[in-house]
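# Overview (structure and organization)
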Amino acid sequence: MPVEPRRRHGSADAVVLGLAAMLGTGVFIVFAPAARSAGAWLPLAVLLAAAVAAASAFAEADLAAEDPGPGAGYRYGRELLAPWVGRVAGVAALLAGAAAAAAAGLVFANYVLPGHPRLVAVPLIVVVCALNVSGLRWTVRGAWVLVPSVFVVLVVVVLIGLTRHVPADWSVTGMAEGAAGDSVMPGGAPGAGALPLSAEDAVRAAYPVNLLGVLTAAGLVFFGFAGFGSAFQSGQPPSQPAVQLAVPLPRPPVVRPGERGARWALLVLLLLALVSYLVVAAALVHTLDIPRLAIETAPLAAAVGGSDTPAVGVLVRAGAAAATACALFRLLAGAGGTASAMSRHRDLPRRVGPLGARGVPWIAELVVAAGAVLVVMLSGPVMAVALAACAALVYFALVNLAALRLPSGTRRWPAWTSMLGAPLCLGLAVLLPRTQVLITAVVLVAGCLLSTALARRAARPAPADGVLPPGVGGGLRSSGAGGDGGLALAGSTGGVPAGEGGVAPDGGVSGLAPEGGTGGLAPDGTTGG
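Description of the structure in this document.

Reading the values: the criteria
Residues numbered from 1 in each chain as written. Predicted model: local features only at pLDDT ≥ 70, side-chain atom pairs only at ≥ 80, totals over all residues. Heavy atoms only, no water. Helix = DSSP H or I, 4+ residues; strand = E, 2+ residues; numbered from the N terminus. Buried < 20%, exposed > 50% of the residue type's maximum accessible area, 1.4 Å probe, protein only. Contact = heavy atoms within 4.5 Å. Areas by Shrake-Rupley, 256 points an atom, 1.4 Å probe, with all protein chains shown as cover. Phe/Tyr/Trp six-rings, centres within 6.5 Å; stacked < 30°, edge-to-face > 60°. Axes fitted to C-alpha atoms, helices over the stretch in contact; angles between N-to-C directions. Parallel < 35°, antiparallel > 145°, perpendicular 65-115°, else oblique. Left-handed = near helix turned anticlockwise from the far one by under 90°. Nonpolar A, V, L, I, M, F, W, Y, C, P; charged D, E, K, R; others polar. Core = buried A, V, L, I, M, F, W, Y, C linked by side-chain atoms within 4.5 Å. Expected span 1.5 Å × (residues − 1). Bend = angle between axes of the 7 residues up to and from the residue. Salt bridge = Lys/Arg side-chain N within 4 Å of Asp/Glu carboxyl O. Patch = residues over 30% accessible without salt bridge, like charges linked within 9 Å, V, L, I, M, F, W, Y side chains within 5 Å.

### Description of the overall build of the protein
- Scanning the protein from N- to C-terminus turns up 16 helices and three strands.
- The buried share of the protein, taken over its 529 residues, is 52%.
- Pairs at least 24 residues apart make up 76% of the contacts formed inside the protein by residues separated by at least 6 positions.
- If you sum the accessible surface of the protein, you get close to 22,900 Å²; carbon and sulfur atoms cover 67% of it.

In structure tokens form, the structure reads like this:
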């Protein structure tokens, strides 16, 4: 099937693609756990998260200038720092992608069918993965439809949130995993030996606010900003020629960082996302108050839940469902592209990377989807968000370090932004909930060790012309008289039959001559002896 020439998209398309990612999942969930940690200092946490995201976006833009696509931190970590650093970045990107996909599925479920999140999230991930594997891709046209729709939903939430106050409803059970609703009794009923407290005071006492809490909240909010990479990803997996792709709806190539207008496009993208998050946070705090916001699983729906028009609640839930479902397409495709790149560098099994009949690394995307389903089954939305944020912060810390190794003439952004971005990313990562930090550390160490072992195994020289590597097996023997057999290991029965040439590791024909012949072709194509 011939592939049509790809049209270059402009800066406006890059902004819209970035907004579609940055407003896809995070804006519908992160304010609840962030409010639990930061309290009234939630706007400060949003500003800090935006600053770290800006530094990381500048670094990734510099790295992706010559080779746009998913996994720029992995590729340049290998080339500019060390192979093992690239492997850690690759594993972090895969973990962040799988956890973020799980979070998107669970947030979708919380807005559509709150009582049964896993029964909704798992089928959603499976369906989206199947559509991805079939060749369906998220396009810039889809982003142009989605982003205005999401902005309409956010404007409705902000207008209602800033103009009315929802009375506290402490019959809400709250978040299932580690939320305030699990620690205090609704209605302020005291535990054994405790002084009577109102429910609001009990929530505040259970989650005291301090500086570390603000930093933890900033790490959680960073999850929402982390989609900025979609603004400068190409429309194909890295290192794959466009002519190989035959996809019904191909991934759109967008403007490459460093081209005219790209700097302004990135700044506009970050500014729009920051303003959106600040305004929505202010509206939620005003209408719900911090204690109520801290226990909500669908905070935007709760903010409009008491309105006189039920259609408003339906609009918000439908907008959240559409945004998170579309985010799944991007997340699975992006993580699949990183897995494919790691496979081509032999840091993952070779079977993971090849493109299928539809021009998609389908095995890689199936692996990522399986990881997302595992996270869904073992956690809830807030835990998935924290895990994705922790892994993403580690990944972007390495992106900032790799950007510092770029020659000064190739950088489009000041080096000091990466100098600040790397420690800030690591600092926010280690201050996230301890369980997610430990899980991230274990996965990164185990993944790096496994990836290193795979790479070393792939680097071993293969036997050439019947010569075994030192220390392997016994000697060579003929398996039968009269030339009926071939070369075989001592004690084995297989081999290359006489009279048939083999393929040398470098693509030439081996020098096994037919019985009684005068020689075959040597690996370099000359006549062998």
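### Side note on the packing of aromatic side chains
- Enumeration over the complete set of coordinates arrives at seven aromatic pairs.
- Here the aromatic rings of Phe 31 and Tyr 277 are separated by 5.6 Å at their centres, their planes lie at 50°, and the arrangement is tilted. In this pair, Phe 31 sits in helix H2 (residues 31-38) while Tyr 277 sits in helix H10 (residues 262-294), placing the two residues 246 residues apart along the sequence. Residues Phe 31 and Tyr 277 agree in their burial class; the two are buried.
- Geometrically, the ring pair formed by Tyr 395 and Phe 396 is edge-to-face, given 5.1 Å between the ring centres and 75° between the ring planes.

### Topic: the packing of helix H12 (residues 310-344) against helix H13 (residues 362-378)
- Two numbers describe how H12 lies on H13: the axes approach to 8 Å, and their chain directions differ by 120°. When the axis of H12 is compared with that of H13, the two are oblique. In this structure, H12 meets H13 at a crossing whose hand is right-handed. Together, Leu 332, Ala 333, Ala 335, Gly 336, Ala 339 and Ser 340 of H12 and Ala 364, Glu 365, Val 368 and Ala 369 of H13 make up the contact between the two elements.
- Classifying every residue of the contact of H12 with H13 by side-chain character gives seven nonpolar, two polar and one charged.

### Re the environment of Ser 418
- Position of Ser 418 among the secondary structure elements: in helix H15 (residues 415-430).
- For the pair formed by Ser 418 and Asn 400, sequence separation is 18 residues and the distance between their alpha carbons is 4.8 Å.

### Digging into the nonpolar core
- Counting 149 residues, the largest nonpolar core has Phe 31 and Phe 225 as its most contacted members.
- The greatest single-element share of this core, amounting to 20 residues, is contributed by helix H5 (residues 83-112).
- Sequence-distant contacts of Phe 31, defined by excluding residues within four places in its chain, comprise Leu 42, Val 46, Tyr 277, Val 280, Ala 281, Leu 284 and Leu 293.

### A look at the packing of helix H4 (residues 72-81) against helix H14 (residues 381-404)
- The interhelical angle for the contact between H4 and H14, taken along N-to-C directions, is 45°, at an axis separation of 9 Å. Taken together, the axes of H4 and H14 lie oblique to each other. Crossing handedness for the pair H4 and H14: left-handed. Between H4, through Ala 72, Gly 73, Tyr 74, Tyr 76, Gly 77, Leu 80 and Leu 81, and H14, the contact on the second element is made entirely by Tyr 395, Leu 398, Val 399, Leu 401 and Ala 402.
- Partitioning the contact of H4 with H14 into residue classes produces ten nonpolar, two polar and no charged.

### Focus: the side chain of Arg 87
- Structurally, Arg 87 can be placed in helix H5.
- Residue classification places Arg 87 among the buried positions, given a relative accessible area of 11%.
- Among all residues touching Arg 87, those that are not within four sequence positions of it are Tyr 74, Arg 78, Met 342, Asp 347, Cys 448, Ser 451, Thr 452 and Ala 455.

### Some thoughts on H10
- Compared with an ideal rise of 1.5 Å per residue, which puts 33 residues at 48 Å, H10 spans 38 Å between its outermost C-alpha atoms and falls more than 12% short.
- Along its length, H10 reaches its greatest deviation from straightness, about 95°, at Leu 288, and the proline Pro 291 lies no more than four positions downstream.

### Here we look at unusual backbone geometry
- The phi angle at Asp 289 is positive, at roughly 70°, despite the residue not being glycine.
- Within the secondary structure, Asp 289 sits in helix H10.
- With phi around 65°, Arg 346 is a residue other than glycine that occupies positive phi space.
- One can find Arg 346 in the loop between H12 and H13.

### Examining the environment of Ala 121
- Structurally, Ala 121 can be placed in helix H6 (residues 117-133).
- Take Ala 121: its relative accessible area is 0%, and that puts it in the buried class.
- In sequence terms Ala 121 and Ala 109 are twelve residues apart; their C-alpha atoms lie 5.8 Å from each other.
- Sequence-distant contacts of Ala 121, that is, excluding residues within four places in its chain, are made with Gly 105, Leu 106, Ala 109 and Val 376.

### Some remarks on the pattern of salt bridges
- Here the structure, examined in full by the defined rule, presents four salt bridges.
- The closest approach of N and O atoms between Arg 87 and Asp 347, which form a salt bridge, is 2.9 Å. Taken together, the positions of Arg 87 in helix H5 and Asp 347 in the loop between H12 and H13 put the pair 260 residues apart, joining distant regions of the chain. By the burial criterion, Arg 87 is buried, and Asp 347 matches it.
- The salt bridge involving Glu 296 is made with Arg 292; its shortest N-O contact spans 2.4 Å. The residues Glu 296 and Arg 292 share a single accessibility class, namely buried.
- Connected through shared salt-bridge partners, Arg 78, Arg 87 and Asp 347 make up one network.

### With respect to a nonpolar patch on the surface
- Together, Leu 401, Leu 404, Trp 416, Met 419, Leu 420 and Leu 424 give the surface a local cluster of nonpolar side chains, amounting to about 570 Å² of exposed area.
- Residue assignment for the nonpolar patch shows that the elements contributing at least two residues are H14 and H15.
- No other element matches H15, which puts four residues into the nonpolar patch.
- For Trp 416, the position within the fold is in helix H15.

Fair warning: the whole summary comes from geometry, so function is off the table for now.
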